[in-house]
Every structure is written in C-alpha cells, then in structure tokens.
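The lines below spell out each chain.
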Amino acid sequence: MRCCGGAALGLSHGPVHAEFRINGEGVWPLEVAPRPIGGLCARALRFVSSESDEAIGLEELLLRQAVEMPVGNWRREAAASGVMMIPVPASGVLEGVEGESAARAVVGITELEITGAAA
C-alpha cells in the first residue's frame with residue numbers, strides 16, 4: 001500500500017491533517033483529512049511575520065485566511081517543534097510516567113504537558 005498525497009485526494013489549498021503508523025513494513029496512513037491539527041497539538045505551530053515581530057498560532061492564521069483578511073507574509077518560525085502522543089489501547093493501562101523533570105531540563109523544550117492519568 002502506498003500513501004497518496006493531498007493532490008490525489010483533491011486537496012489543493014488549506015490545511016491537511018495526516019496521521020501515519022510506521023513499522024518495519026512501511027508507512028501506513030491512518031487519516032488524511034482537509035482540516036487543521038487541533039487541540040494541544042496546534043500549539044506546536046507558530047507563524048511569524050516578516051513585516052513585524054508579531055507571532056500567531058495556526059488557528060489565527062487560518063481564521064484570517066477564511067475571512068479573507070490580508071494574511072501578509074507569514075512563515076513558520078525557525079525553531080523546530082514537535083508533538084509526541086503515546087496511545088494507550090483501551091485494553092491497556094497507563095501505569096505511570098517518569099522523567100518529566102529531566103525532559104523539562106533539555107535545552108529547547110518549551111512546554112511539557114501530560115494529559116493522561118496513571119492508574
């Protein structure tokens with residue numbers, strides 16, 4: 001199975017949310033949809049203007065575009081960002097999370113949020 005690009009799905013403009021599972025056999029698409037990333041994950045994407053020192057989030061940029069406000073020259077901030085989600089199957093039990101202090105001490109880590117509760 002090969003993953004298709006947004007163009008193959010008829011997507012040519014706007015945000016695309018894609019989730020994949022990666023294993024020894026390849027990359028497997030779980031979801032490709034014409035929508036932005038949401039929730040806490042959206043915080044990972046910040047955009048800066050070349051015209052000012054202003055920075056905005058993904059949702060604000062999309063709303064500006066949706067209501068046809070001039071969006072100027074926004075670009076992704078230079079700093080890398082990422083989100084790590086660790087799924088726990090319904091049949092599983094999250095027993096605990098360790099290393100939070102060590103993770104926060106890593107240079108470049110700006111936020112760490114644990115939303116799941118251990119049993």
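Preceding block: the structure.
If you're wondering where the values come from, they're calculated on a predicted model, not measured in any experiment.

### Overview of unusual backbone geometry
Then, number 1: Its identity as a non-glycine residue notwithstanding, E68 has a phi of 60°, on the positive side.
Then, number 2: Summarising the element assignment, E68 is placed in the loop between α1 (58-66) and β5 (74-76).

### Observations concerning the side chain of R64
Then, number 1: The topology assignment puts R64 in helix α1.
Then, number 2: Owing to a relative accessible area of 13%, R64 belongs among the buried residues under this scheme.
Then, number 3: Among the polar contacts listed, one links the side chain of R64 to the side chain of E54, at a separation of 3.3 Å.
Then, number 4: In this view, R64 contacts E54, I56, M69, V71 and W74; residues no more than four positions away in its chain are not counted.

### Considerations on the pairing of strand β2 (residues 26-33)
Then, number 1: Pairing between strand β1 (residues 17-23) and β2: 7 bridges, direction antiparallel. Considered in β2, the bridge of I22 is made with V27.
Then, number 2: The loop that links β1 with its antiparallel partner β2 comprises 2 residues.

### Section: the environment of A44
Then, number 1: Summarising the element assignment, A44 is placed in the loop between β2 and β3 (46-49).
Then, number 2: The spatial distance from the C-alpha of A44 to the C-alpha of A33 is 19 Å, given a sequence separation of 11 residues.
Then, number 3: When residues no more than four places from it in sequence are discounted, the contact partners of A44 are R76, E77, S81, G82 and V83.

### A look at the pattern of salt bridges
Then, number 1: Enumeration according to the criterion identifies 7 salt bridges in this entry.
Then, number 2: Of the charged contacts in the structure, one is a salt bridge between R64 and E60, with a shortest N-O distance of 2.6 Å. On the criterion of helical spacing, the pair formed by R64 and E60 is a turn pair, its members being 4 residues apart in helix α1.
Then, number 3: With a relative accessible area of 35%, E60 lands in the partly exposed category.
Then, number 4: Notably, a salt bridge pairs E100 with R104, separated by 2.9 Å at the nearest N-O pair. Of the two residues, E100 and R104 are both situated in helix α2 (residues 100-104); the distance of 4 residues between them amounts to about one turn of the helix.

Rules used throughout
- Residues numbered from 1 in each chain as written.
- Predicted model: local features only at pLDDT ≥ 70, side-chain atom pairs only at ≥ 80, totals over all residues.
- Heavy atoms only, no water.
- Helix = DSSP H or I, 4+ residues; strand = E, 2+ residues; numbered from the N terminus.
- Buried < 20%, exposed > 50% of the residue type's maximum accessible area, 1.4 Å probe, protein only.
- Polar contact = N/O pair within 3.5 Å; in protein donor to acceptor, adjacent residues only side chain to side chain.
- Contact = heavy atoms within 4.5 Å.
- Pairing = 2+ DSSP bridges.
- Salt bridge = Lys/Arg side-chain N within 4 Å of Asp/Glu carboxyl O.

In short, shape yes, function no, at least from these values alone.
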